Amino acid sequence: MTTFEKIREIIMEQLSVDESMVTIDTNLMKDLEADSLDAVEIIMAIEEEFGIEIPDEEAEKFQTVNDLIKYVDAHVE
């Protein structure tokens, strides 16, 4: 399973959205109407899934699914 597929699964579960709504270019806030609590839960699930820690100042920069993928790929060994 690719990083994108894992992150898509997490987002689908956290936000109860359909797979077709989550693409690499999806903006979490604008396209999926995620609020700050949703964002925190998504970040926590990603940290758990990939065994990494994402600092708050980094997490605040994430807007699209691709932002999450790039960060995870850069920090997972």
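Higher on the page you've got the structure.
Everything in this summary refers to the structure shown in the same document.

## Some words on the side chain of T3
Tracing the chain through its elements places T3 in helix α1 (residues 3-15). Assessed through its relative accessible area of 17%, T3 is described here as buried. A distance of 2.7 Å separates the side chain of T3 from the side chain of D73, its partner in a polar contact. Contacts of T3, omitting those with residues within four sequence positions, involve F50, I69, V72 and D73.

## Focus: the nonpolar core
Membership of the largest hydrophobic core comes to 24 residues, with the highest contact counts inside it found for I7, I11, I46, I54 and L68. Mapped by element, the contributors of at least two residues to this core are α1, α2 (36-50) and α4 (65-75).

## So, α1
Compared with the 18 Å implied by 1.5 Å per residue over 13 residues, the 18 Å span of α1 between its first and last C-alpha is a close match. For α1, the set of buried residues is T3, I7, R8, I10, I11, M12 and L15. Looking at the buried residues of α1, the elements they touch are α2 and α4. Phi for S16, located one or two positions after α1, is positive at around 50°.

## Some words on the packing of aromatic side chains
Aromatic rings considered in pairs are described by the distance between their centres and by the relative angle of their planes. Within this structure, the stated rule accounts for one aromatic pair. Measuring from ring centre to ring centre gives 5.4 Å for F62 and Y71, while their planes differ by 70°; the resulting arrangement is edge-to-face. The exposure classification of F62 matches that of Y71, with both residues buried.

What counts and what doesn't
- Residues numbered from 1 in each chain as written.
- Predicted model: local features only at pLDDT ≥ 70, side-chain atom pairs only at ≥ 80, totals over all residues.
- Heavy atoms only, no water.
- Helix = DSSP H or I, 4+ residues; strand = E, 2+ residues; numbered from the N terminus.
- Buried < 20%, exposed > 50% of the residue type's maximum accessible area, 1.4 Å probe, protein only.
- Polar contact = N/O pair within 3.5 Å; in protein donor to acceptor, adjacent residues only side chain to side chain.
- Contact = heavy atoms within 4.5 Å.
- Core = buried A, V, L, I, M, F, W, Y, C linked by side-chain atoms within 4.5 Å.
- Expected span 1.5 Å × (residues − 1).
- Phe/Tyr/Trp six-rings, centres within 6.5 Å; stacked < 30°, edge-to-face > 60°.

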